[in-house]
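Spelled out from the first residue to the last, the chains are:
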Amino acid sequence: MDKLPTHVAIIMDGNGRWAKINNLPRLAGHNAGMLAMKEIVRCASDMGIKFLTVYAFSTENWKRSMEEVSGIFGLLVKYVASELEELSKENVRVKVFGDYSVIPEKAKASLDKTLKDTEGNTGMQFNIALNYGSRAEILRAVNEIMAERANCGGKECGAALEEAAEGGNGDIIFAPITEEELSAHLYSGDENGNVPDPDLVIRTSGEERISNFMLWQIAYSEFAFTDTLWPDFTQKEFTEIIENYGNRERRFGGRK
C-alpha cells in the first residue's frame, strides 16, 4: 500500500454508549471494545504498520465508579493472559505510555510479564496509553529534565547556582529546553525506543476532540473521525481509513 503511515494512534471511544444501545452493562461494552482492539492490533501488524498506540485509560478515567474501573483492569488482565502468546507469535512488542505503577497489582503484574516477554520482538510496537494524560506527561518530562540538570554534571545544584550568581557558568541549568530534549523525556521518547510522532490519529464514536491525548506528538498528525462506536469498529473500516490516509498530501506547515 502506498504511503502507509508509520505510526497510527487511536482514541477508542464509545464503549459505554454501545452497551447502553444494546441494553447491556457498561462493562460488557468495555469487553466488546477489548475484542475490537484485539482485531485492530492484528490488522495493523499484518498491514506492516510499525507503531500502534491506543488510548486505553486516561488519568481522568479514575473519576468513574470503582466498579467500572475495577472491571476495566480486570479485562486488561484477561486480554493480556489470552493474547500474550499471539502477540509473541506476531512478533509484536508491547510498551506502556503512562504511570501504570498505581493500577491494581494483578493488572500491573500482567503488564510487567507482557513487557518482559515481548521486549525482544522486532515487529510492530503496540503502545498502550494507560493511566495516561498528555499534560501530566509534559510536566513529568520537564521535571525530569530539571532534576537531571540539578546534578549539573556531578555538581550539586546549589553549588552551581552559587557559581552562576558569582559570574560563573550557569549555562547547564539555565540553558533553554530544546524540542529534542523534551521529546526524549516523553513516554514516546528514549525509554520506549524513541517512537516517531503519529502520522494518523483515529477517533471513534462521532466525537471530534483530542481529550488530552499526545498533545505534543500530534502537532502535525492527520485526523480521521468516524461515527462508529469502538466495539463496532472493524478491520475493514480501519483499512479504509488507512487507504484514505494514503491519498492525503501532508505539508507540515509548508506550501506545495
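Structural notes, computed from the coordinates.

Conventions adopted
- Residues numbered from 1 in each chain as written.
- Predicted model: local features only at pLDDT ≥ 70, side-chain atom pairs only at ≥ 80, totals over all residues.
- Heavy atoms only, no water.
- Helix = DSSP H or I, 4+ residues; strand = E, 2+ residues; numbered from the N terminus.
- Buried < 20%, exposed > 50% of the residue type's maximum accessible area, 1.4 Å probe, protein only.
- Contact = heavy atoms within 4.5 Å.
- Pairing = 2+ DSSP bridges.
- Right-handed = clockwise from strand over helix to strand, strands pointing away.
- Axes fitted to C-alpha atoms, helices over the stretch in contact; angles between N-to-C directions.
- Parallel < 35°, antiparallel > 145°, perpendicular 65-115°, else oblique.
- Left-handed = near helix turned anticlockwise from the far one by under 90°.
- Nonpolar A, V, L, I, M, F, W, Y, C, P; charged D, E, K, R; others polar.
- Salt bridge = Lys/Arg side-chain N within 4 Å of Asp/Glu carboxyl O.

### Notes on the overall build of the protein
Consideration 1: Along its length, the protein carries nine helices and six strands.
Consideration 2: Relative to its full complement of 256 residues, the protein shows a buried share of 46%.
Consideration 3: Long-range contacts, defined as pairs at least 24 residues apart, comprise 78% of the intrachain contacts of the protein with a sequence gap of at least 6.

### Focus on the side chain of Glu68
Consideration 1: Mapped onto the fold, Glu68 is located in helix 3 (residues 66-89).
Consideration 2: The class of Glu68 is buried, set by a relative accessible area of 10%.
Consideration 3: Excluding residues within four positions of it along the chain, Glu68 makes contact with Arg26 and His30.

### Topic: the pairing of strand 4 (residues 125-132)
Consideration 1: Of all the eight residues making up strand 4, eight are buried; the element is thus mostly covered by neighbouring parts of the structure.
Consideration 2: Two strands pair when backbone bridges link them, and strand 2 (residues 51-58) and strand 4 are joined in this way by seven bridges, in the parallel orientation. Within strand 4, the residue paired with Tyr55 across the bridge is Ala129.
Consideration 3: In the sheet, strand 3 (residues 93-97) pairs with strand 4 via five bridges, with the strands oriented parallel. Residue Lys95 lies in a different strand from strand 4, and its bridge partner there is Asn127.
Consideration 4: For the handedness criterion, the β-α-β arrangement of strand 3, helix 4 (residues 105-118) and strand 4 is classed as left-handed.

### Concerning the packing of helix 2 (residues 26-47) against helix 3
Consideration 1: The interhelical angle for the contact between helix 2 and helix 3, taken along N-to-C directions, is 25°, at an axis separation of 10 Å. Here helix 2 lies roughly parallel to helix 3, going by the angle between them. Helix-helix and strand crossings are classified by hand; for helix 2 and helix 3 the assignment is right-handed. Along the contact surface, helix 2 presents Arg26, Leu27, His30, Asn31, Met34, Met37, Lys38, Val41 and Arg42, while helix 3 presents Glu68, Gly71, Ile72, Leu75, Leu76, Lys78, Tyr79, Glu83, Glu86 and Leu87.
Consideration 2: For the contact of helix 2 with helix 3, the per-class residue count stands at nine nonpolar, three polar and seven charged.

### Remarks on the sheet that holds strand 1 (residues 7-11)
Consideration 1: Pairing is parallel across the open sheet formed by six strands, whose spatial order is 3-4-2-1-5-6. Since the sheet does not close on itself, it has two edges, and those belong to strand 3 and strand 6 (222-225), each with one partner. The sheet shows a mean angle of 20° between the axes of neighbouring strands, direction not considered.
Consideration 2: Sheet analysis places strand 1 next to strand 2, joined by five bridges and oriented parallel. The residue bridging Ile11 from the neighbouring strand is Tyr55, located in strand 2.
Consideration 3: The strands touched by helix 4 are strand 3 and strand 4; relative to strand 3, the strand with the most contacts, the crossing angle is about 135°.

### A look at unusual backbone geometry
Consideration 1: A positive phi angle is found at Asn23, which is not glycine, with a value near 55°.
Consideration 2: With respect to the element layout, Asn23 can be found in the loop between helix 1 (15-21) and helix 2.
Consideration 3: Even without being glycine, Ser211 reaches a positive phi, approximately 55°.
Consideration 4: Among the structural elements, Ser211 can be located in the loop between strand 5 (200-203) and strand 6.
Consideration 5: The exposure class of Ser211 is partly exposed, given its relative accessible area of 31%.

### Side note on the pattern of salt bridges
Consideration 1: What the rule picks out here adds up to 15 salt bridges.
Consideration 2: Here Lys113 makes a salt bridge to Asp117, at a shortest N to O gap of 2.9 Å. You can see Lys113 and its partner Asp117 sitting in helix 4, four residues apart, about one turn around the helix.
Consideration 3: A salt bridge links Arg140 to Glu191, with the shortest nitrogen-to-oxygen separation between them at 2.8 Å. Of this pair, Arg140 sits in helix 5 (residues 134-150) while Glu191 sits in the loop between helix 8 (179-185) and strand 5, and the two are 51 residues apart along the sequence.
Consideration 4: What makes Glu191 partly exposed here is its relative accessible area of 45%.
Consideration 5: Ionic contacts of the salt-bridge type, sharing partners, join the residues Asp13, Arg17, Arg203, Glu207 and Arg209 into one network.

Any link to function would need more than the numbers given here.
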